[in-house]
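Residues per chain, in single letters:
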Amino acid sequence: MRKLNGENVKLAIQKEGRLTDETLNLLRTAGLHFESYKQRLFSACRNFPLDILYVRDDDIPEYVAEGVVDLGIVGRNLVVETQQPVDELLALDYGHCTLTVAVPSDSDITDLSQLAGHKVATSYPVATRRFFAERKIEVEVITISGSVEITPALGIATAIADLVSTGSSLKLNDLVPLATVFESQSLLVANCKLGENERKAAIVERLLLRLRGALAAREYKYIMMNAPRAALPRIFAITPGLKSPTVLPTADPDWVAVHTVVREDVFWEVIEQLRLLGTQGILVSPIEKMFI
Ligand code: PRT
Ligand code: ZN
């Protein structure tokens, strides 16, 4: 195993949990080569001056703020809750969830203000207190470290404030959402003084370019198709591409080949419209890296 190198930029990521697989995937898509075994404590990248440390997600904001590591990948929820001063460099578009206030479905409470004087159980007491204080609703916040969703059924609290992603845990526990405290996704965060170390700051800039390239590639698909030349203006309107689509002649003067990129989130709508315009032989490929 390679040793930690004081010269390298240090990145803390979650050792084992919801964010781990997607984080490792993203780092690999960004072209970083490293080993990652189950018993891992840290990995040194073979082709980039970066050491990866595997830690509990709760510790990441503090490690970054204190300069134990230079960078961290962690949910925004923990940055908000721990109130550690860190710089948010890049939103990574996974680990999406919301801190949601919820009540039992058979409860009479339909409005936040009705929670005044009641107990709210949460693992996010700082954010939850602030949320109710900002709305001038006096609640008693009870801090629970896990299984927050069962506290109303146990009579411990009237409402909860818990992270929700699919919503199945709320359903399973007969709870309905009342309000959103904050939205979260995973973030790349940095120590606030990183910029003072020019060498490390330059490495982080290189890392950011790679990560942005990997993220943009996930957002787009590359598509190629044969199209009636007459339909080109309308095809351009549907798929503007990055600058503009590439149009190549075919053996038939009435037909052209069009190459362009389409955003993943509107992909199916675009394909349906292209078919209505008479395009044929639509080929779709994933993009490995993309630099806009
Ligand atoms: O061991 P370690 O401390 O590192 O991990 P952990 O167990 O504290 O965290 P982990 O792995 O559960 O979550 C890591 C991060 O994933 C969180 O900090 C969030 O940023 C993000 N994330 C995204 C979530 C969820 N979605 C999520 N749904 N974290 C937790 N949940 C829980 C939630 O608390 C509730 O119990 O999942 C349940 C609800 O899920 P749904 O899908 O039923 O709505
Ligand atoms: Zn945790």
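Residues numbered from 1 in each chain as written. Chains lettered and ligands numbered in written order. Predicted model: local features only at pLDDT ≥ 70, side-chain atom pairs only at ≥ 80, totals over all residues. Heavy atoms only, no water.

Participant: Help me understand the coordination of the zinc ion (ligand 2) in this model?
Facilitator: Taken together, the protein donors to the zinc ion (ligand 2) comprise Asp57 (OD) and Asp58 (OD), at separations of 1.9 to 2.1 Å. By relative accessible area, which is 37% here, aspartate 58 ends up partly exposed. (Donors = N, O, S within 2.8 Å, 3.2 Å for Na, K, Ca; no water. Buried < 20%, exposed > 50% of the residue type's maximum accessible area, 1.4 Å probe, protein only.)

Participant: Teacher, can you tell me more about the sheet that holds strand 13 (residues 246-249) here?
Facilitator: Two orientations exist for strands paired in a sheet by backbone hydrogen bonds: parallel and antiparallel. The sheet built from 4 strands is open, its strands ordered 13-14-12-15 with antiparallel pairing. The sheet is open, and its two borders are formed by strand 13 and strand 15 (280-286), each paired with just one other strand. Averaged over all adjacent pairs, the angle separating strand axes in this sheet is 20°, with direction ignored. In this structure, strand 12 (residues 220-228) lies alongside strand 15, joined through 5 bridges in antiparallel fashion. Its bridge partner lying in strand 15, asparagine 226 is registered against glutamine 280. Across the sheet, helix 6 (residues 198-219) lies against strand 12 and strand 14 (255-263), angled at about 45° from strand 12, the strand it touches most. Strands in contact with helix 8 (residues 267-276) are strand 12, strand 14 and strand 15; relative to strand 15, the strand with the most contacts, it is inclined by about 160°. (Pairing = 2+ DSSP bridges. Helix = DSSP H or I, 4+ residues; strand = E, 2+ residues; numbered from the N terminus. Axes fitted to C-alpha atoms, helices over the stretch in contact; angles between N-to-C directions. Contact = heavy atoms within 4.5 Å.)

Participant: Explain the packing of helix 1 (residues 20-29) against helix 6 to me, please; I cannot follow it from the model alone.
Facilitator: Each packed pair of helices is defined by two parameters, the angle between the axes and the distance between the axes. For the pair helix 1 and helix 6, interaxial distance at closest approach is 8 Å and the crossing angle is 105°. Classed by the angle they form, the pair helix 1 and helix 6 counts as roughly perpendicular. Taking contact as the criterion, the partners of Glu22, Asn25, Leu26, Leu27 and Thr29 in helix 1 are, on helix 6, Leu211, Ala214, Leu215 and Arg218. (Parallel < 35°, antiparallel > 145°, perpendicular 65-115°, else oblique.)

Participant: What exactly am I supposed to notice about the environment of phenylalanine 48 here?
Facilitator: Its location among the elements puts phenylalanine 48 in the loop between strand 2 (42-44) and strand 3 (50-55). When its relative accessible area of 4% is taken as the criterion, phenylalanine 48 is described as buried. Taking C-alpha positions, phenylalanine 48 is 9.4 Å from valine 9, a pair spaced 39 residues apart along the chain. When neighbours within four sequence positions are excluded, phenylalanine 48 is seen to be in contact with Leu32, Ile203, Arg206, Leu207 and Arg210.

Participant: When you look at the site of ligand 1 in this model, what are you seeing that I'm missing?
Facilitator: By nearness alone, 20 residues border ligand 1, and Arg18, Arg56, Asp58, Asn77 and Thr166 come closest of all. Within the side chain of arginine 56, an N or O atom sits 2.7 Å from an oxygen atom of ligand 1. The backbone of glycine 167 places a nitrogen or oxygen atom 2.8 Å from an oxygen atom of ligand 1. Protein burial of ligand 1: of its 840 Å² of free accessible surface, 77% is covered by the chains. Secondary structure elements with two or more residues in the shell around ligand 1: strand 9 (159-164) and helix 5 (168-172). No other element matches strand 9, which puts 3 residues into the shell around ligand 1. Across the shell around ligand 1, the residue classes break down as 4 nonpolar, 10 polar and 6 charged. (Near = heavy atom within 4 Å. Polar contact = N/O pair within 3.5 Å; in protein donor to acceptor, adjacent residues only side chain to side chain. Areas by Shrake-Rupley, 256 points an atom, 1.4 Å probe, with all protein chains shown as cover. Nonpolar A, V, L, I, M, F, W, Y, C, P; charged D, E, K, R; others polar.)

Shape descriptors only; they carry no functional weight alone.
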